[in-house]
Number of protein chains: 2
Amino acid sequence: MKHTFFTPGPAELYPTVEQHVRGALDEQIGSISHRSAQFRKLYQHVDEQLRGLLKIPKTHAILFTGSATEVWERVLMNCVEHESFHLVNGAFSRKFYDFSVELGKYAHVMEKPPGEGFDYAGVMDFGIPDYAELVCLTANETATGAQMRTVDMHKLKRSHRTKLFCVDMVSSAPYPDLDYDLIDSAFFSVQKAFGLPAGLGVWIVNEKCLDKAERLQAQQTVGTYHSLPSLWKNFKNFETPETPNVWNIYLLGKVIEDFNRIGIDTIRKETDAKARLLYAFLEKDPRFEISVKNPAHQSATVVVGTLKRGSAAELLDTAKRAGFILGGGYGSAKNTQFRIANFPAVSLEQVENLIDTLTVD
Amino acid sequence: MKHTFFTPGPAELYPTVEQHVRGALDEQIGSISHRSAQFRKLYQHVDEQLRGLLKIPKTHAILFTGSATEVWERVLMNCVEHESFHLVNGAFSRKFYDFSVELGKYAHVMEKPPGEGFDYAGVMDFGIPDYAELVCLTANETATGAQMRTVDMHKLKRSHRTKLFCVDMVSSAPYPDLDYDLIDSAFFSVQKAFGLPAGLGVWIVNEKCLDKAERLQAQQTVGTYHSLPSLWKNFKNFETPETPNVWNIYLLGKVIEDFNRIGIDTIRKETDAKARLLYAFLEKDPRFEISVKNPAHQSATVVVGTLKRGSAAELLDTAKRAGFILGGGYGSAKNTQFRIANFPAVSLEQVENLIDTLTVD
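What counts as what
- Residues numbered from 1 in each chain as written.
- Chains lettered and ligands numbered in written order.
- Predicted model: local features only at pLDDT ≥ 70, side-chain atom pairs only at ≥ 80, totals over all residues.
- Heavy atoms only, no water.
- pLDDT = per-residue confidence, 0-100.
- Axes fitted to C-alpha atoms, helices over the stretch in contact; angles between N-to-C directions.
- Helix = DSSP H or I, 4+ residues; strand = E, 2+ residues; numbered from the N terminus.
- Parallel < 35°, antiparallel > 145°, perpendicular 65-115°, else oblique.
- Left-handed = near helix turned anticlockwise from the far one by under 90°.
- Contact = heavy atoms within 4.5 Å.
- Nonpolar A, V, L, I, M, F, W, Y, C, P; charged D, E, K, R; others polar.
- Phe/Tyr/Trp six-rings, centres within 6.5 Å; stacked < 30°, edge-to-face > 60°.
- Buried < 20%, exposed > 50% of the residue type's maximum accessible area, 1.4 Å probe, protein only.
- Pairing = 2+ DSSP bridges.
- Least-squares fit on C-alpha atoms with pLDDT ≥ 70 in both.
- Buried area = accessible area lost by both parts, 1.4 Å probe.
- Salt bridge = Lys/Arg side-chain N within 4 Å of Asp/Glu carboxyl O.
- Polar contact = N/O pair within 3.5 Å; in protein donor to acceptor, adjacent residues only side chain to side chain.
- Patch = residues over 30% accessible without salt bridge, like charges linked within 9 Å, V, L, I, M, F, W, Y side chains within 5 Å.
- Areas by Shrake-Rupley, 256 points an atom, 1.4 Å probe, with all protein chains shown as cover.
- Lys, Arg positive; Asp, Glu negative; His and termini not counted.
- Charge placed at Lys NZ, Arg CZ, Asp CG, Glu CD.

Undergrad: Just checking my understanding: could you explain the confidence of the model for chain A for this structure?
TA: For residues with low pLDDT, the predicted coordinates do not support detailed interpretation. Summary statistics for chain A give a mean pLDDT of 97 and a share of 100% for residues scoring 70 or more. The ipTM for the predicted assembly is 0.97, set against a pTM of 0.98.

Quick look at the structure:
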């Protein structure tokens, strides 16, 4: 029996992926050279389609890595000489911070308990340290379902124009409507809302970040093949330093093309509509409560519920028997929470069916 | 029209890959969690199958990266405090050396012109520097088709037991019969002789390397999620630090299983038989000569020919019209050389057909 995955990544494959995989086999995408015109066209296609989808200006490059996790490491190595600043409210935003510490940077942190989010005023009250070079924001904390609104990110950048701003949008892209005239860098992995198999990270990054990396390169190591200068130099020819995940680059171009056919506004509205259903369900059902209390911080793409009674394992089992795979609570919340990914791959009808399944009459 | 790829990577997909891709879709491999028992089984399957194929003892871990290029960086960061030593005879062995320089190590080099290879006596005459911690060997220089025999690698290690030995076997694995009681680390990428789409590197590495990385970690950065200690810790549970290329890990397990069904001895013998045909053809045809003169250094897996007259482009076109994609000469040899990959994905019959096509009566 095939299941429908409501897991926050790896997640349900976008419905067109199977047909695109067949296309990849027919076109022998697994065998083409990454130094061929055919590959450069695939890269250029992703570039053009993603720029259209997310309104990314020419100031920014679109680069490929092995994962979004890799981008945490690369952006810190390339854009931070001494100090970074992190908003941390869960396991994934914490890992971004941990990476900075491991790399020997001085990492500043503003921390909130799991389930809470950040807004402009709160961060301004806390104060971003003067010497922080890179401000690391998480659009959607996958572990807890707390999102940061783009309006707050944009205001923060306007108040700190000399600092580089980087947004982890792993489990939310393409939902956040980021203004790339403000945001210097953002990144995601393809196995979340783009509905692809894992193994490819996408790093959107501007010339200011490149300038910084080139300055740093003179005095410290910024990596080798995946240093920002190396990735950027290859990008200019729509190439990559190493043999990349060509297969996924092909699939990504196809899926973004499908997204553009639907239109980003429609995708965002559908995401909102499905999220409203899921939150209304959690609010109404006496067994559950919404984990993130502040409506402004409730994620549109990863909806997290807390059980007032009963076990999460039992709920996940009930769902699975009906063909739905839910995400468990993350880490210590394993037994008390559950996560429902609300990505474009699942339809309004599938969300309604899931809610019907979970509803006890 | 579908082509047969004789390119040295990305290369022809192994004939069973298409059926395994269908299996991956049916089993929803693109959606399963990388923290699930199902994923751990996939990892364990690769581990068991690859150990069987290459006779890898329990002293070595089998780790996944995004590419073999990544392993160049990771092994240098994790196993070299100050000094590395490299045998360089082409563009790819040179890049391994370049990475060491970029990472701020003191990289020693013994260099030979393209098309020449290394043997035990020559390297002993040159002398491996006393303070070199890691000796970096390339089993098959993909740019030129020069191989280093395993017997020479093994003898070198026996003469330098306190140094770590690392073998790049990107375009030759599973052909080289390495003795892992001697070789501390080896690595490959899956888009060469394993006949898979690109996007996955496999790093075989022993406890001595881990010990070294753990010592280094106390005093310098060895990376974050893909540091050797982090990869190894996760490997112990058949997990990975980040969401890996699960799709390719599944396919790799299936293809190695296919290889084991045939048997590694048979695969090596077939490779030798096909290589003999290709070299005999180059030797006999008055238009060509074998690029690598010393028979001991002629690669079994990437056969490189030099044109005495005519252009490589014309030859590649002739082959393409008959349905065969050959590799061009690498870099400055683009117009004068051509490369024919001799991987398990191409059969003896296909090699014979290629030779027939290229033969002028």
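Back to the text.
Undergrad: Looking at this structure, how should I read the packing of helix H3 (residues 68-79) of chain B against helix H4 (residues 91-102) of chain B?
TA: Pairs of packed helices are described in terms of their axes, by the angle between the two and the distance that separates them. All names here are of chain B. One way to put it is that H3 packs onto H4 with a least axis distance of 9 Å and a crossing angle of 40 degrees. Relative to H4, the element H3 is oriented oblique. The chirality of how H3 crosses H4 is right-handed. For the pair formed by H3 and H4, the contact residues are Thr69, Trp72, Glu73, Val75 and Leu76 on the first element and Phe92, Lys95, Phe96, Phe99 and Ser100 on the second. For the contact of H3 with H4, the residue count by class is 6 nonpolar, 2 polar and 2 charged.

Undergrad: Help me out: how do you make sense of the packing of aromatic side chains in this one?
TA: Residues and elements named next belong to chain B. Applying the stated criterion across every chain, the model contains 36 aromatic pairs over all chains. Ring plane angle 80 degrees and centroid distance 5.0 Å describe the contact between Tyr14 and Phe259, whose orientation is recorded as edge-to-face. With a gap of 245 residues between them, Tyr14 in the loop between strand S1 (4-6) and helix H1 (17-26) and Phe259 in helix H9 (residues 246-262) connect regions that are remote in the sequence. With relative accessibility at 9%, the residue Tyr14 sits in the buried group. Overall, the relative accessible area of 0% leaves Phe259 in the buried class.

Undergrad: Quick question: what am I supposed to make of the sheet that holds strand S2 (residues 60-65) of chain B here?
TA: Residue and element names in this part refer to chain B. Sheet architecture is open: 7 strands sit in the order S2-S10-S9-S8-S5-S3-S4, paired in mixed fashion. Both edges of this open sheet fall to S2 and strand S4 (106-111), since each of them pairs with a single strand only. Averaged over all pairs of adjacent strands, the angle between their axes in this sheet comes to 20 degrees, without regard to strand direction. As defined by bridge partners, strand S5 (residues 134-138) adjoins strand S8 (residues 164-168) across 5 bridges and the pair is classed as parallel. Opposite Thr138, over in S8, you have Asp168 as the bridge partner. Contacts from helix H7 (residues 207-217) reach S8, strand S9 (185-189) and strand S10 (201-206) within the one sheet, and its direction differs from that of S10 by about 85 degrees. In this fold helix H8 (residues 228-235) packs onto S2 and S10, with an angle of close to 105 degrees to the strand it touches most, S2.

Undergrad: Is there a simple way to think about the packing of helix H10 (residues 264-284) of chain A against helix H12 (residues 348-358) of chain A in this case?
TA: All names here are of chain A. Orientation of H10 relative to H12, taken along the N-to-C sense of each, is 10 degrees, at an axis distance of 10 Å. On the basis of their axis angle, the class for H10 and H12 is roughly parallel. Within the contact between the two elements, H10 uses Ala273, Lys274, Leu277, Leu278 and Phe281 and H12 uses Leu348, Val351, Glu352, Leu354, Ile355 and Leu358. Of the residues in the contact of H10 with H12, the class split is 9 nonpolar, no polar and 2 charged.

Undergrad: It is not clear to me how the relation of the copies chain B and chain A should be interpreted in this structure. Could you clarify?
TA: A rotation about some axis, followed by a shift along it, carries one copy of the chain onto the other. The transformation that overlays chain B on chain A combines an axial shift of 0.0 Å with a rotation of 180 degrees, and the residual RMSD is 0.0 Å. Taken together, the rotation and translation describe the operation of a two-fold axis. Identified as the residue of chain B closest to the rotation axis by C-alpha distance is Gly66 of chain B, at 2.6 Å.

Undergrad: Looking at this structure, how should I read the interface of chain B and chain A?
TA: As a measure of interface size, the accessible area lost when the parts come together is often cited. Every contact between the two is made by 44 residues of chain B and, on the other side, 44 residues of chain A. Between chain B and chain A the total buried area reaches about 3700 Å² when both faces are included, carbon and sulfur atoms providing 57% of it. For the pair chain B and chain A, the number of links is 2 salt bridges. Where Glu73 of chain B meets Arg74 of chain A, a salt bridge forms, and the shortest distance between an N and an O atom there is 3.0 Å. Counting across the chain B and chain A interface gives 12 residue pairs in polar contact (both at pLDDT 80 or more). Going through the elements one at a time, H1, H3, H4 and H9 of chain B are the ones with two or more residues in the side of chain B that touches chain A.

Undergrad: Before we go on, may I ask you to explain a positive patch on the surface in this structure?
TA: All names here are of chain A. A contiguous patch of positive charge on the surface is contributed by Lys155, Arg158, Arg161 and Lys208. Structurally, the position occupied by Arg158 is in helix H6 (residues 150-159). Judged by relative accessible area, Arg158 falls into the partly exposed class, the value being 44%.

Undergrad: Would you take a moment to explain the sheet that holds S1 of chain B for this structure?
TA: One key point about sheets: their strands pair by backbone hydrogen bonds, in either a parallel or an antiparallel sense. Residues and elements named next belong to chain B. The 5 strands lie next to each other as S1-S13-S14-S12-S11, forming an open sheet whose pairing is mixed. If you trace the sheet from one side to the other, it starts and ends with S1 and strand S11 (288-290), each paired once. Along the sheet, successive strands turn relative to each other by an average axial angle of 35 degrees, direction set aside. Strand direction decides the pairing type here: strand S13 (residues 324-328) and strand S14 (residues 337-341), joined by 2 bridges, are antiparallel.

Undergrad: What am I meant to see in the pairing of S10 of chain B here?
TA: The two faces of the sheet receive side chains in turn, since in a regular strand these alternate between them. All names here are of chain B. For S10, the tally of buried residues reaches 6 of 6 residues, placing the bulk of the element in the interior. Residues Gly201, Trp203 and Val205 line one face of S10 and the alternating positions Val202, Ile204 and Asn206 line the opposite face, and both faces are buried. With 6 bridges connecting them, S2 and S10 associate as antiparallel partners. Within the sheet, the bridge partner assigned to Ile62 lies in S10 and is Ile204.

Undergrad: Even after reading the chapter, I still don't get the side chain of Arg268 of chain B, so can you show me in this structure?
TA: Residues and elements named next belong to chain B. If you trace the backbone, Arg268 turns up in helix H10 (residues 264-284). In this structure Arg268 comes out as buried when scored by relative accessible area, which is 12%. Setting aside chain neighbours within four positions, we find Arg268 in contact with Leu54, Pro174, Tyr175, Pro176 and Asp177.

Undergrad: Explain helix H6 (residues 150-158) of chain B to me, please; I cannot follow it from the model alone.
TA: Residues lying three or four places apart along an α-helix face the same way, a consequence of the helix completing one turn every 3.6 residues. Buried residues of H6 of chain B: Asp152, Met153, His154, Leu156 and Lys157 of chain B, and no others. Buried positions along H6 of chain B lie against helix H5 (120-126), S5 and S8 of chain B.

Undergrad: Help me understand the pairing of S9 of chain B in this model?
TA: Residues and elements named next belong to chain B. Within S9, 5 of the 5 residues are buried, which leaves the element mostly enclosed by the surrounding structure. Residues Ser185, Phe187 and Ser189 line one face of S9 and the alternating positions Ala186 and Phe188 line the opposite face, and both faces are buried. Both S8 and S9 contribute to a ladder of 3 bridges, which runs parallel. When the bridges of S9 are listed, Asp168 appears paired with Phe187. Sheet topology note: the S9/S10 ladder contains 5 bridges and is antiparallel. The residue bridging Ser185 from the neighbouring strand is Val205, located in S10.

Undergrad: Looking at this structure, I do not really get the pattern of salt bridges. What am I missing?
TA: Where charged atoms from two side chains of opposite charge come close, those side chains can pair. Tallied over the full model, the rule gives 32 salt bridges over all chains. A salt bridge links Glu18 of chain A to Arg22 of chain A; the nearest nitrogen and oxygen atoms lie 3.5 Å apart. Remark: Arg22 of chain A and Glu18 of chain A occur in helix H1 (residues 17-26); sequence separation between them is 4 residues, near one turn of the helix. Accessibility expressed as a relative area gives 32% for Glu18 of chain A, which makes it partly exposed. Connected through salt bridges with shared partners, the residues Glu70, Glu73 and Arg74 of chain A together with Glu70, Glu73 and Arg74 of chain B form a single ionic network.

Undergrad: Honestly, the environment of Ser311 of chain A in this entry has me stumped. Any pointers?
TA: Residue and element names in this part refer to chain A. With respect to the secondary-structure elements, Ser311 resides in the loop between strand S12 (302-307) and helix H11 (312-321). Separated by 23 residues in sequence, Ser311 and Lys334 have C-alpha atoms that sit 9.4 Å apart. For Ser311, the side chain forms a polar contact with the main-chain nitrogen of Glu314, separated by 3.1 Å.

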